[in-house]
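One letter stands for each residue in the lines below.
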Amino acid sequence: MAKDTLYLLKPHFEKDGAERFCPDCAMMEGYLATYPALRDAVDIVYVDYGRPRAALVARLGEDHQNAPTLILAAAAPDAGPHGEIQSANGLSFLTDARPITRWLAARHGLAAPL
């Protein structure tokens, strides 16, 4: 069975001369820590903060480099119940932690965010 692929920024990066982290990626790391079986259920790819983010560009194109991004294993027939599923290059995907966790919760029978 094909897996969804989750793209996250590497946990620590430098921006404007200071060490930073991505709050949405940190939320995803927390969700993965809460439900460790997800690490086997989805493919996880860590990308650098700097753009272009080649792994995302190769799959979704230059306009879709946000992290976190979850590329769905199968194309979605529509934008989903919350209108959050996007598409590019024939692939369906979600960006931002809340829509991603809503999708993962529904797909894997886990708790959804408030």
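In this report, we go over the structure that sits alongside the text. Just so it is clear, the model here is predicted, and its values are computed rather than measured. Along every chain, residues carry numbers that run from 1 in the direction the sequence is written. Reporting of local features is limited, given that this is a predicted model, to residues whose pLDDT is at least 70; pairs of side-chain atoms are given and counted only at 80 or more, and all residues count toward the totals for whole chains, interfaces and linings. Think of the side-chain values as coming from all heavy atoms in the structure, minus any hydrogens and water.

Re the overall build of the chain
For the record, the criterion: Helical segments are the DSSP runs of H or I of at least four residues, strand segments are the runs of E of at least two, and each set is numbered from the N terminus. What the globule rule says is 2.2 Å times the number of residues to the power 0.38, and the radius of gyration is computed from C-alpha atoms. Partly exposed residues are those whose accessible area sits between 20% and 50% of the maximum for their type, while under 20% is buried and over 50% is exposed, using a 1.4 Å probe and protein chains only. Residue contacts are counted whenever heavy atoms from the two residues lie within 4.5 Å of one another. Only the protein chains shown count as cover for residues, and all accessible areas are computed by the Shrake-Rupley method using a 1.4 Å probe. As used throughout, the charge tally considers Lys and Arg to be positive and Asp and Glu to be negative, leaving His and the chain termini uncounted. Note that the charge is assigned to NZ on lysines, CZ on arginines, CG on aspartates and CD on glutamates.
Counting secondary structure elements, the chain contains four helices and seven strands. Element order for the chain, N to C, with α for helix and β for strand: β-β-β-α-α-β-α-β-β-β-α. Whereas a compact globule of 114 residues would reach a radius of gyration of roughly 13 Å, the chain reaches 14 Å, a difference of no more than 12%. The principal-axis extents of the C-alpha atoms in the chain amount to approximately 40 × 30 × 25 Å. Considering the chain as a whole, with its 114 residues, one finds that 33% of them fall into the buried category. Intrachain contacts of the chain at a sequence separation of at least 6 include 59% that bridge at least 24 residues. For the chain, the computed accessible surface area is about 6400 Å², with 53% contributed by carbon and sulfur atoms. Looking at the chain, you have 11 positive and 14 negative side-chain charges, and the mean spots of the two groups are 2 Å apart.

Considering the side chain of Thr101
Along the chain, the position of Thr101 falls in helix H4 (residues 97-108). Of the residues examined, Thr101 reaches a relative accessible area of 2% and is grouped as buried. In this view, Thr101 contacts Met27, Met28, Tyr31 and Pro113; residues no more than four positions away in its chain are not counted.

Let's talk about the environment of Leu104
Its place among the elements puts Leu104 in helix H4. With 73 residues separating them in the primary sequence, Leu104 and Tyr31 have C-alpha atoms 9.8 Å apart. The residues touching Leu104, leaving out its near neighbours within four places in the chain, are Met28, Tyr31, Leu38, Val42, Leu70, Gly109 and Leu110.

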